[in-house]
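Commentary on secondary and tertiary structure
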Amino acid sequence: MTDGVLDEVYQRLQQTGPERDGWLSNHAPMAAEALVRHGHGARVHAWIDGYADRLSERPRGIQRISAGQWREPLGDPVRTGDWLTFFARQLTERPWREVLVEWWPRLLPGVAAGATHGVIRVGHAVRALLDAEQDGSATPARVAELGAGLGYWAARWQPLAPAGKGPYRSTDPRSALDAVPRVPHQWSGIRTRLAQLAELPGWAASAGAVPGAGTAEPARLAAIVEAAVLRFGTHGHGNPVMLVHAATAPNAIARVLPVLPTALWEPSVQAAWAATAAVTSAYSPATAQPMPDRPAVDAADLMARGLHDQDSHGIKFIDAALDVHRRTGEQAVLDVAAYANDLIVRG
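This write-up is about the structure you can find in this document. Because the structure is a prediction, the values reported are computed rather than measured.

A probe as big as a water molecule, rolled over the atoms, marks out the empty space that is left. Overall, the coordinates contain three cavities of 30 Å³ or more when judged by the stated rule. By volume, the largest cavity is sized at about 70 Å³. Taken together, Leu177, Ala228, Arg231, Phe232, His235, Gly236, Leu243, Ala246, Thr280 and Ser284 make up the lining of the largest cavity. With four residues, helix α11 (residues 217–235) is the largest single contributor of residues to the lining of the largest cavity. Broken down by class, the residue content of the lining of the largest cavity amounts to five nonpolar, four polar and one charged.

With that settled, the discussion passes to the side chain of asparagine 26. Note on placement: asparagine 26 falls in the loop between β2 (24–25) and α2 (28–37). Setting aside residues up to four positions removed in sequence, asparagine 26 forms contacts with Thr16, Gly17, Pro18, Glu19, Tyr51, Leu55 and Arg121.

A word on the nonpolar core. Residues Trp83 and Trp104 are the most contacted members of the largest nonpolar core, which totals 112 residues. Sequence-distant contacts of tryptophan 104, defined by excluding residues within four places in its chain, comprise Val119, Val122, Trp153, Ile253, Val256, Leu260, Leu264 and Ser268.

Moving on, we get to helix α15 (residues 299–309). Of all the residues in α15, the buried ones are Leu302, Met303, Gly306 and Leu307. The arc that holds every buried residue of α15, seen down its axis, measures 135°, which confines them to one face. Opposite the packed face of α15, turned more than 90 degrees from it, sit the exposed residues Ala300 and His308. The elements touched by buried residues of α15 are α2, α3 (41–51), α16 (312–328) and α17 (331–346). Between the side-chain oxygen at the start of α15 and the backbone nitrogen of alanine 300 there is a gap of 2.8 Å, and the oxygen is on aspartate 298. At the exit of α15 stands glutamine 310, carrying a positive phi of roughly 70°.

With that out of the way, let us pick up the side chain of threonine 276. Note on placement: threonine 276 falls in helix α14 (residues 265–283). Among the residues examined, threonine 276 registers a relative accessible area of 0% and is labelled buried. Within the structure, the side chain of threonine 276 is placed 2.9 Å from the backbone oxygen of alanine 246, a separation counted as a polar contact. In contact with threonine 276, not counting residues within four places along its chain, are Leu177, Ile224, Ala228, Ala246 and Pro250.

Now for the packing of aromatic side chains. The way to describe two aromatic rings as a pair is by their centre distance and the angle between their planes. Counted under the stated rule, the structure contains ten aromatic pairs. Each ring, one from phenylalanine 87 and one from tryptophan 103, has its centre 5.0 Å from the other, and the planes form 75°; the classification is edge-to-face. Residue phenylalanine 87 is located in helix α4 (residues 80–93), and its partner tryptophan 103 is located in helix α5 (residues 96–107); the two are separated by 16 residues in the primary sequence. For phenylalanine 87, a relative accessible area of 0% gives the class buried. The class for tryptophan 103 is buried, based on a relative accessible area of 1%. Centre to centre, the rings of tryptophan 104 and tryptophan 153 are 5.3 Å apart; their planes meet at 85°, and the pair counts as edge-to-face. Note that tryptophan 104 is positioned in helix α5 and tryptophan 153 in helix α7 (residues 140–155), a separation of 49 residues in sequence. Cluster of aromatic residues (ring-pair linked, three or more members): Trp70, Trp83, Phe86, Phe87 and Trp103. We note arginine 106 situated over the ring of tryptophan 103; from NZ or CZ to the ring centre the distance is 4.6 Å.

Parameters and conventions
- Residues numbered from 1 in each chain as written.
- Predicted model: local features only at pLDDT ≥ 70, side-chain atom pairs only at ≥ 80, totals over all residues.
- Heavy atoms only, no water.
- 1 Å grid on protein atoms, 1.4 Å probe; cavity = no way out; pocket = protein on both sides within 12 Å on 5 of 7 lines; lining within 4 Å.
- Points joined across faces, edges and corners; volume = space filled by probe spheres on them.
- Helix = DSSP H or I, 4+ residues; strand = E, 2+ residues; numbered from the N terminus.
- Nonpolar A, V, L, I, M, F, W, Y, C, P; charged D, E, K, R; others polar.
- Contact = heavy atoms within 4.5 Å.
- Core = buried A, V, L, I, M, F, W, Y, C linked by side-chain atoms within 4.5 Å.
- Buried < 20%, exposed > 50% of the residue type's maximum accessible area, 1.4 Å probe, protein only.
- Arc of directions from axis to C-beta.
- Polar contact = N/O pair within 3.5 Å; in protein donor to acceptor, adjacent residues only side chain to side chain.
- Phe/Tyr/Trp six-rings, centres within 6.5 Å; stacked < 30°, edge-to-face > 60°.
- Lys NZ or Arg CZ within 6 Å of the ring centre and 35° of its normal.

Quick look at the structure:
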C-alpha cells in the first residue's frame, strides 16, 4: 500500500460521519482499506462513488471532552462529534500507539459498540498504520482514520451482559459456538437482541468460557475467527449481513493484538469471544443448513468477486476469510467466503 491511494481515500472520507440515519455504520473506510490491501486500489475511488449516497456529514461537537472527564460522555451517541474531536486532538499531541494502548482497555468492555463496527474500524486503521510504518512512517491520513474509529467506538460504547468467570472451555471454538444459546426473540434490531442476553439461561457460562484453554492468546484468537468464518457456511442463511460480524469483530482485535502490551492480550481475547458469542446468539438460525455445492474458489479471485458485487459486508468478510486462509490454507474457508458474498448480495 505504498502508492498513496489509501491515504487519498482517507482524506476524501475525513469529513464524513461514522453513521447515517442514526445507527447504520459508514463502511467506506473499512471496505476501502480491504480493497486496497488486496490489490484493487485502482478501482477503489469508483467503489466509493457508488457508496456516496450512504455517506453523511461529520457531526459537529456540543461540548469539549477533557482527558480527565471522559467517563460520563462514554457511550453517548449525541456526543459523537465531541469524541471525534477529542481523539483528533489526542492523536495530534501524542504518538498513535500511546493513545491506542491507553484507550484500548477503556473501550474494550464496550466491544458491542455500533454492532461491533467501532472495534472493526479501529482494526482496519491499525493494519493500515502498521503497513505505513513498514514503508517509513505513519501518515497523517491514517492516524486521522484511527481517531475516527476510536471516536466512533467511544460514542457508541456498549457493554454486553456480564459473562461468567471460567473455567475456560477446553473444547474447540466451533463446538463452543454451537453451544451458545440463542436469544428467544429474533425479529428486532441488534440493541433489542443484545438486551436479552442478561436474562438468557446459559449466556454467562458461554460468554465467560473462552475456548482454547492452554493455548497462546494469538492462536486462540485466530481459532475463534476461523471457527466463526466456517460456521457461517452452515448458519449464515439466518442473517447473512449480521453474522458477518461474528468473524470480522474478533479478526479486528487480532489485528490490534501485536501493538498491545501482553498484559492486554487476555482481556482482548475475552472481549473477542464475547462479541462473537453475542452476535452468534442474536442472529443464528435454529438449525444448520448445508452449504450448497459450488465450484472451488481461488484465493486470488475472491476479492475481485466482492468488488464486482460492491457490498461492503461481503468485502470485509472476504478480507477476514483471506486472513484465515493465509494461516491455514483451508479451501473450505474460501468457499464459505464466496457463499457468504452471494448470500449478502441476494439480500
